[in-house]
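Okay, here's what each chain looks like letter by letter:
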Amino acid sequence: MKFFQAASRWSKNHKFFLTSFGVLAGGGSSLIYALEQSIHASNDAAHVAKQKWNHNGWFDTLDHASVRRGWEVYKNVCAACHSIEYLAYRELVGACLTEDEAKAEAAEQLIDDGPDETGAMFKRPGKLSDLLPKPYPNEEAARYANGGAYPPDLTYITQARIDGENYIFALLTGYMDPPAGVQLAENQHYNPYFPGGAIGMAQALYDEIIEYEDGTPATQSQCAKDVITFLKWCAEPEHDTRKLFAMKAFTVLGVLNLVVWYLHRHYWSVLKTRKILQNPKSLFKK
């Protein structure tokens, strides 16, 4: 009897704990969501439209032809101001360049190295193991060259911005003349998708600003889509592998679920199908 009373008390406490936890978790989630929405509502930037990205599905992979074209856009347009300092040339192999192409790209750069046997620093051609070089030696030089604005590193930019790809696409294609009454400082440009509207970065992408090697028409929107796909790959080089492993895991777990379900029914079938009969007459005879 004491055992059943203790079990009953534990069951009630357990239910109370789960109920309290559910209420607190739900209330906390609602509060966080409300605070986030209030922050977005107070933002003075234009609403970002949702774009259809080929890699956004659960089992969709990156368009590697687009990644290759995005590398061309970055190399010829964006690399003049923005760095991708956490990416090495060897990581481009198999993703958007062949090994020979990556070696040739690296060899075009002069990398600081040393010291040599005399203690002096020297420059050498780049190798696959080298990181992509920065356009400026330090932040002060970058600000001086860009009128006080500091071009951010682009390695993880799609992860570092809310609504990453959609926001960057809107920003790259959203430049326009300032509306009446809006005054911009020198070296500033108007973009309604940037908080405040005044942005230090000039419009970088135009129609036919580069010529793609594969012959794809280099419209402004195409260039923006390709460079964003490339930056998505920079931020998540394991993107395709992770989804492939997820697909394998779901397949294996699905098979294991069937096996466990069958074993459960097999082992418990004796207890679940048994019938307990009671004969009251035998009790009275005793």
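Every chain begins its residue count from 1, and numbering advances along the sequence as written. Only residues with pLDDT of 70 or above have their local features reported here, since the model is predicted, and side-chain atom pairs are shown and tallied only from 80 upward, although totals for entire chains, interfaces and linings are computed over all residues. The side-chain values count all of the structure's non-hydrogen atoms but skip hydrogen atoms and water molecules.

Per an unreviewed UniProt entry, the protein goes by Cytochrome c domain-containing protein and derives from Aphis glycines. The heading Sequence similarities (unreviewed entry) in the UniProt record of the protein holds the text "Belongs to the cytochrome c family." UniProt positions are given in the numbering used here, feature names are shortened, and annotations may be inferred rather than shown by experiment. Regarding the protein, the UniProt comment filed under Subcellular location (unreviewed entry) reads as follows: "Mitochondrion inner membrane".

Caption draft 1: How the structure looks around the overall build of the protein. Secondary structure summary: the protein contains 9 helices and 4 strands in total. Looking at the protein as a whole, 28% of its 286 residues are labelled buried. Only the protein chains shown count as cover for residues, and the accessible areas themselves come from Shrake-Rupley with a 1.4 Å probe. Within the structure as shown, the protein displays about 19,800 Å² of accessible surface, and the carbon and sulfur contribution to it stands at 60%. A run of H or I in DSSP becomes a helix once it reaches four residues, and a run of E becomes a strand once it reaches two; helices and strands are each numbered from the N terminus. In this scheme, a residue with accessible area under 20% of its type's maximum is buried, one over 50% is exposed, and one in between is partly exposed, where area comes from a 1.4 Å probe on protein chains only.

Caption draft 2: Fine view of the nonpolar core. The criterion is simple. A nonpolar core is a set of buried Ala, Val, Leu, Ile, Met, Phe, Trp, Tyr and Cys residues joined through side-chain atoms within 4.5 Å. Membership of the largest hydrophobic core comes to 42 residues, with the highest contact counts inside it found for Tyr74, Ile84, Leu92, Phe230 and Trp233. Of all the elements in the fold, those that place two or more residues in this core are helix H2 (64-76), helix H3 (99-107), helix H6 (164-173) and helix H7 (220-235). It is H7 that contributes the most residues to this core, 8 residues altogether. What makes two residues a contact is simply this: any of their non-hydrogen atoms within 4.5 Å. If we ignore the near neighbours within four places in the chain, the residues touching Trp233 are Leu62, Val67, Leu87, Glu91, Leu92 and Ala95.

Caption draft 3: Representation of the packing of H2 against H7 in the model. Only the stretch in contact is used when fitting a helix axis, every axis being a line fitted to C-alpha atoms; angles between N-to-C directions are given from 0 to 180 degrees. Between H2 and H7, whose axes approach to 7 Å, the crossing angle comes to 100°. Relative to H7, the element H2 lies roughly perpendicular. For the pair H2 and H7, the contacting residues are Ser66, Val67, Arg69, Gly70, Trp71, Val73 and Tyr74 in the first and Gln222, Cys223, Lys225, Asp226, Val227, Thr229, Phe230 and Trp233 in the second. A per-class count over the contact of H2 with H7 returns 8 nonpolar, 4 polar and 3 charged. An angle below 35 degrees is treated as roughly parallel, one above 145 as roughly antiparallel, one from 65 to 115 as roughly perpendicular, and anything else as oblique. Note that Gly is not counted as nonpolar here; it falls among the polar residues with everything else outside the nonpolar set of Ala, Val, Leu, Ile, Met, Phe, Trp, Tyr, Cys and Pro and the charged set of Asp, Glu, Lys and Arg.

Caption draft 4: Looking closely at the environment of Ser129. Within the secondary structure, Ser129 sits in the loop between strand S2 (122-125) and helix H4 (139-145). The class for Ser129 is partly exposed, based on a relative accessible area of 49%. Once the C-alpha coordinates of Ser129 and Ala106 are considered, the two residues, 23 residues apart in sequence, prove to be 9.0 Å apart. What Ser129 contacts, discounting residues up to four positions off in sequence, is Ala88 and Arg90.

Caption draft 5: Examining a nonpolar patch on the surface more closely. A cluster of nonpolar residues, Val255, Val259, Trp261, Tyr262, Leu263, Tyr267, Trp268 and Leu271, forms a patch on the protein surface that exposes about 880 Å² of accessible area. If you trace the backbone, Tyr267 turns up in helix H8 (residues 239-273). Within the patch definition used here, like charges are joined within 9 Å and nonpolar side chains (Val, Leu, Ile, Met, Phe, Trp, Tyr) within 5 Å, considering only residues with over 30% relative accessible area and no salt bridge. Note on definitions: salt bridges are taken to be side-chain nitrogens of Lys or Arg within 4 Å of carboxyl oxygens of Asp or Glu.

Caption draft 6: Seen up close, H2. Over its 13 residues, H2 extends 18 Å from the first C-alpha to the last, a length consistent with the 18 Å expected when each residue adds 1.5 Å. Among the residues of H2, Ser66, Val67, Arg69, Gly70, Trp71, Glu72, Val73 and Tyr74 are the ones counted as buried. Buried residues along H2 sit against H3 and H7. Regarding H2, its N-cap is Asp63, as a side-chain oxygen of that residue lies 3.2 Å from the backbone nitrogen of Ala65 further along. Working rule for helices: expected span equals 1.5 Å times residues minus one. We define a polar contact as two N or O atoms separated by no more than 3.5 Å, with the added condition that, inside protein, one atom must be a possible hydrogen donor and the other a possible acceptor, whereas residues neighbouring each other in sequence contribute only through side-chain atom pairs.

Caption draft 7: Structural view of the UniProt feature "binding site: heme c" (unreviewed entry) in the protein. In this numbering, the UniProt entry assigns the feature "binding site: heme c" (unreviewed entry) to Cys78, Cys81, His82 and Met201. Spanning 124 residues, the annotated positions come together in the fold, the maximum distance between their C-alpha atoms being 11.0 Å. Owing to a relative accessible area of 27%, Cys81 belongs among the partly exposed residues under this scheme. Once you skip the residues sitting within four places of it in the chain, Cys81 turns out to touch Pro135, Tyr136, Asn146 and Pro151. Positionally, His82 belongs in the loop between H2 and H3. With relative accessibility at 11%, the residue His82 sits in the buried group. Excluding residues that lie within four positions of it along the chain, His82 makes contacts with Tyr74, Pro135, Pro151, Pro152, Leu154 and Met201.

Caption draft 8: Seen up close, the side chain of Lys243. Its place among the elements puts Lys243 in helix H8. Here the positive residues are Lys and Arg and the negative ones are Asp and Glu; neither His nor the chain ends is included. It turns out Lys243 is buried and unbridged, and the closest side chain with the opposite charge, Asp60, is 6.1 Å from it.

Caption draft 9: Inspection of the packing of aromatic side chains at higher detail. For Phe, Tyr and Trp, where Trp contributes only its six-membered ring, two rings pair if their centres lie within 6.5 Å, and the inter-plane angle classes them as stacked under 30 degrees, edge-to-face over 60, or tilted in between. Under the definition given, this model contains 7 aromatic pairs. A ring pair is formed by Trp53 and Phe169, whose centres lie 6.2 Å apart and whose planes are at 85°; its orientation type is edge-to-face. Here Trp53 is found in the loop between helix H1 (2-42) and H2, whereas its partner Phe169 is found in helix H6, with 116 residues between them in sequence. Take Trp53 and Phe169: they sit in the same class, and that class is buried. Both rings, one in Phe59 and one in Phe250, keep their centres 6.5 Å apart while their planes meet at 85°; by these two values the pair is edge-to-face.

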